[in-house]
Protein chains: 2
Amino acid sequence: MALVVQKYGGSSVASADRIRRVAERIVETKKQGHDVVVVCSAMGDTTDELLDLAEQVAPAPPAREMDMLLTSGERISNALVAMAIHTLGAEARSFTGSQAGVITTSVHGKAKIIDVTPSRVQEALDEGTIVLVAGFQGVSQDSKDVTTLGRGGSDTTAVALAAALEADVCEIYTDVDGVFTADPRIVADAQKLEQVSYEEMLEMAACGSKVLMLRCVEYARRYNVPVHVRSSYTDKPGTYVYGSMEDIPLEQAILTGVAHDRSEAKVTVVGLPDVPGYAAKVFRAVAESEINIDMVLQNISKVETGKTDITFTLPRSDGQRAVEMLAGHQEEIGFSQVLYDDHIGKVSLVGAGMKSHPGVTATFCEALAEAGINIDLISTSEIRISVLVKDTELDDAVQVLHRAFDLGGDEVAVVHAGTGR
Amino acid sequence: MALVVQKYGGSSVASADRIRRVAERIVETKKQGHDVVVVCSAMGDTTDELLDLAEQVAPAPPAREMDMLLTSGERISNALVAMAIHTLGAEARSFTGSQAGVITTSVHGKAKIIDVTPSRVQEALDEGTIVLVAGFQGVSQDSKDVTTLGRGGSDTTAVALAAALEADVCEIYTDVDGVFTADPRIVADAQKLEQVSYEEMLEMAACGSKVLMLRCVEYARRYNVPVHVRSSYTDKPGTYVYGSMEDIPLEQAILTGVAHDRSEAKVTVVGLPDVPGYAAKVFRAVAESEINIDMVLQNISKVETGKTDITFTLPRSDGQRAVEMLAGHQEEIGFSQVLYDDHIGKVSLVGAGMKSHPGVTATFCEALAEAGINIDLISTSEIRISVLVKDTELDDAVQVLHRAFDLGGDEVAVVHAGTGR
């Protein structure tokens, strides 16, 4: 008998019919003799509908109330799944994030889980009940206010619960069959991966792979939670995310895949004095606005002026705010101009195999050059190469790299519709 | 400066537009220098939509999960009203019933408020913030589960909060102008009452007046909370509910009005042994099924058989269950048959003036007799006469009695559409 945490995305519970199917799978797992904890996202379009209502009422709603509003979505889906399970003759009890002991920071809209104290969940499990926990939400440690975890929050809730309960596996049910070597909507022969190490999955997530969110993988890695990403439409196994890259024998290390990201924008701060401390001022100002930056490039100083430029990428959704904030600090920081470009895309190659194959960077750049794709910015880690290209050339870049590194399989991948959160 | 608790029903917050208008009224009250606590019901049809979803998923959903589901409705409306207030430049913070310290019994779907410990509400008020509290909900004392208070629960939340916070007034905003001498949809010249004592309002509510629910008036009376029932569509004063009947000088005591109730059904238990203890068995069995009975009549024993019949009324929604339950206990209780009739209606005359006007019962019965309306069952209190009639004759009975006691005014009452909870 194992303890299984299952997470179902919004598309898996989008209708009464789908909710019943999810309930069947949950009860089936319970009947196999396992303890089951389930985390559900809000039903299909619920979140969008709530966002729409908020917009009608208030152009700039306060984040605390937004969290109060949005968390009702998971509350609804979890209660409905509990009811559907009940109808199948099994016992189920649903808990809010707060009731399940999901303690978070106080940053509304993107709170981070600090701790999980699932005593009520454990008690219910001990009584033989299936437990449902509302994903994406928690309660802030300081103010005891309802918080949300931001995008992909339900996955993180599931993994954090799995860690706290010492679950045997955390199953993430989604609308794709697992983690692929590239987005099957772009690359027809993209292959499903059987297993990916935490580090590789981290890099994939950081580079735009939407299957699992970064926070969720970080949590899984830190607490060593085996994650099984699989489709809610089939019984086929998906992709197992577990194990450290360090444990993979060098000769078996391969390239994981090609990830891409369309959600970033590029900011260039022009004409900064090229003396120590000025770059730090820029990044301190950005950090204080709670904006995460990704890639960074500091241009070589122009000797004649003693000035330099700094380019960085950031989430497109924070772009406007970053530009306005920097403009407001122009005199204090001391630069001449801010440029903004949101017609960019990032393509990345990830894999532990990179360490043992010295020619990877060369092949990477050659492949893009041959396809006539210009590289704007480049950044690498031990197991990743990322470059910034024009957004119109992004799909091409993904296809070219997937082919150049021979990542394709024989089958054409199946793509299902829908998204989760 | 006063502390005002305001409650807005579902129709008052049914759309983004109405929410904005409610927010304006709230901010206006705050600007007048008052502290404001607001309780909102769920938006218009939200509850029905959630009930519909539940029905699609589970034919007999567990009550605990039903409460989890339904309470999301108030959470949504409260967060939206908070956002709308924020847009008008005032501070607002919304709390769930649990966060606001509304402690209840554990009976899901019809929990009762045991205590209100509004420390977080008080703190927020002290900081100068408008506070919103989700109505209709609380947290159970024993299991810390989310509960709902049943019909009219938001009114009770408002009055209970007003009591706990020692508010100066609890304003119940609704879609009618106040408490009327009869339902204006039935009696065209029904008059709005300026003031009603708690006892009279209790009797009106118990007899089917839907303006305030019984529990809410009970709470107001126990804690001496002045309640102002008024329309959310106008600024005109409505009806004040406060003061004891005892304090009204006899010569000023009048008749409050005619109430009616279409929600009851009649059960007759036939052929009970007419010896002590048998009636008690019937009512014990009904009580253990958590069914409230209203009027009771025990027929005179038939000497030749030593048997008697007992007739009682109960909420129609519990009728089927009561009949099945009694049938299941037939041998144990020892009766021959159960009859059920849901084509009945109850009409009542209420008023402290009844005490000092001895002819009231006679006039009451004569008026109905003249109109050819047959009385099925009669029950009285010090300040009330209620009779059971055929449901098809109920409207007639209300009109006849309203006229017989000269309760009409000169104006024709204005009726707005919509309902609250």
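Residues numbered from 1 in each chain as written. Chains lettered and ligands numbered in written order. Predicted model: local features only at pLDDT ≥ 70, side-chain atom pairs only at ≥ 80, totals over all residues. Heavy atoms only, no water.

### Examining the overall build of chain A
Along the backbone of chain A there are 12 helices and 20 strands. Relative to a compact globule of 421 residues, whose C-alpha radius of gyration would be 22 Å, chain A shows 23 Å and is just as compact. Principal axes of the C-alpha set define a box for chain A whose edges measure 80 × 50 × 35 Å. Taken across its 421 residues, chain A has 57% of its residues classed as buried. Relative to all contacts within chain A whose residues are 6 or more apart in sequence, the contacts with residues 24 or more apart total 76%. Here chain A displays about 17,800 Å² of accessible surface, and carbon together with sulfur accounts for 49% of that area. Between the averaged position of the 37 positive side-chain charges in chain A and that of its 61 negative side-chain charges there is a distance of 3 Å. (Helix = DSSP H or I, 4+ residues; strand = E, 2+ residues; numbered from the N terminus. Rg over C-alpha atoms; globule rule 2.2 N^0.38 Å. Buried < 20%, exposed > 50% of the residue type's maximum accessible area, 1.4 Å probe, protein only. Contact = heavy atoms within 4.5 Å. Areas by Shrake-Rupley, 256 points an atom, 1.4 Å probe, with all protein chains shown as cover. Lys, Arg positive; Asp, Glu negative; His and termini not counted. Charge placed at Lys NZ, Arg CZ, Asp CG, Glu CD.)

### Points about the UniProt feature "binding site: ATP" (unreviewed entry) in chain A
Residue and element names in this part refer to chain A. Listed under "binding site: ATP" (unreviewed entry) in the UniProt record, and renumbered for this structure, are Lys7, Tyr8, Gly9, Gly10, Thr174, Asp175, Arg185, Lys210 and Val211. These annotated residues cover 205 residues of sequence, and their C-alpha atoms sit far apart, with the largest distance between any two at 23.6 Å. Taking relative accessible area as the criterion, Gly10 reaches 5% and is therefore assigned buried. Inspection of the secondary structure assignment puts Val211 in the loop between α6 (198-206) and α7 (214-223). Setting aside residues no more than four positions away along its own chain, Val211 makes contact with Asp155, Val176, Gly178, Val179 and Val229. (UniProt positions renumbered as here; feature names shortened; annotations may be inferred.)

### Describing the interface of chain B and chain A
On the side of chain A, 41 residues touch chain B, which itself brings 41 residues to the contact. Interface of chain B and chain A: buried area, both sides summed, is about 3,300 Å²; carbon and sulfur atoms make up 64% of it. Interface area lost by chain B to chain A is led by Val57, Arg75 and Met83 of chain B, which between them contribute 22%. The interface formed by chain B and chain A contains 2 salt bridges. For Asp145 of chain B, the salt bridge is made with Arg120 of chain A, and the minimal N-O distance between the two is 2.9 Å. Where chain B meets chain A, there are 17 residue pairs in polar contact (both at pLDDT 80 or more). For the side of chain B that touches chain A, the secondary structure elements donating two or more residues are α1 (16-31), α2 (46-57), α3 (63-87) and β3 (92-95) of chain B. When residues in the side of chain B that touches chain A are grouped by element, the largest group, 16 residues, is from α3 of chain B. Here the residues of the side of chain B that touches chain A sort into 24 nonpolar, 9 polar and 8 charged. (Buried area = accessible area lost by both parts, 1.4 Å probe. Salt bridge = Lys/Arg side-chain N within 4 Å of Asp/Glu carboxyl O. Polar contact = N/O pair within 3.5 Å; in protein donor to acceptor, adjacent residues only side chain to side chain. Nonpolar A, V, L, I, M, F, W, Y, C, P; charged D, E, K, R; others polar.)

### Observations concerning the environment of Leu212 of chain A
Residue and element names in this part refer to chain A. Here Leu212 is to be found in the loop between α6 and α7. Exposure remark for Leu212: the relative accessible area of 1% places this residue in the buried category. Measuring from C-alpha to C-alpha, the distance between Leu212 and Thr156 comes to 9.0 Å, with 56 residues separating the pair along the chain. For Leu212, the residues in contact, after removing those within four places along its chain, are Asp155, Ile172, Met201, Ala205, Val217, Val227, Val229 and Val241.

### Observations concerning the relation of the copies chain B and chain A
Of the two same-sequence chains, chain B is brought onto chain A (RMSD 0.0 Å, axial shift 0.0 Å) by a rotation of 180°. On the angle and the small slide along the axis, the relation comes out as a two-fold axis. Closest approach to the rotation axis among the C-alpha atoms of chain B is made by Ser72 of chain B, whose C-alpha sits 2.5 Å away. (Least-squares fit on C-alpha atoms with pLDDT ≥ 70 in both.)

### Some points on the packing of helix α2 (residues 46-57) of chain A against α3 of chain B
Two elements in contact, α2 of chain A and α3 of chain B, have axes separated by 9 Å at closest approach and are oriented at 30°. Taken together, α2 of chain A and α3 of chain B sit at an angle that is classed as roughly parallel. Crossing of α2 of chain A against α3 of chain B: the hand is right-handed. In this structure, α2 of chain A uses Leu50, Leu53, Ala54 and Val57 of chain A to contact α3 of chain B, whose residues at the interface are Ile76, Leu80, Met83, Ala84 and Thr87 of chain B. For the contact of α2 of chain A with α3 of chain B, the class distribution of residues is 8 nonpolar, 1 polar and no charged. (Axes fitted to C-alpha atoms, helices over the stretch in contact; angles between N-to-C directions. Parallel < 35°, antiparallel > 145°, perpendicular 65-115°, else oblique. Left-handed = near helix turned anticlockwise from the far one by under 90°.)

### Re unusual backbone geometry
A positive phi is found at Lys144 of chain A, a non-glycine position, where the angle reads about 60°. Take Lys144 of chain A: it is sitting in the loop between β7 (137-140) and β8 (146-148). Classification of Lys144 of chain A by relative accessible area gives partly exposed; the value is 46%. Look at Glu166 of chain B: it is not a glycine, yet its phi comes out positive at around 55°. Note that Glu166 of chain B resides in the loop between α5 (153-164) and β9 (169-174).

### Quick notes on the side chain of Thr256 of chain B
In this fold, Thr256 of chain B is placed in the loop between β12 (239-241) and β13 (257-261). The buried category is assigned to Thr256 of chain B, whose relative accessible area is 3%.

### Regarding helix α7 (residues 214-223) of chain B
Residue and element names in this part refer to chain B. Among all positions of α7, only Cys216, Val217, Tyr219 and Ala220 are buried. Buried residues of α7, seen end-on, are gathered within an arc of 160° and therefore sit on one face of the element. Elements in contact with the buried residues of α7: β5 (113-116), α5, α6 (198-206) and β11 (227-231). At the C-terminal side of α7, Asn224 shows a positive phi close to 60°. (Arc of directions from axis to C-beta.)

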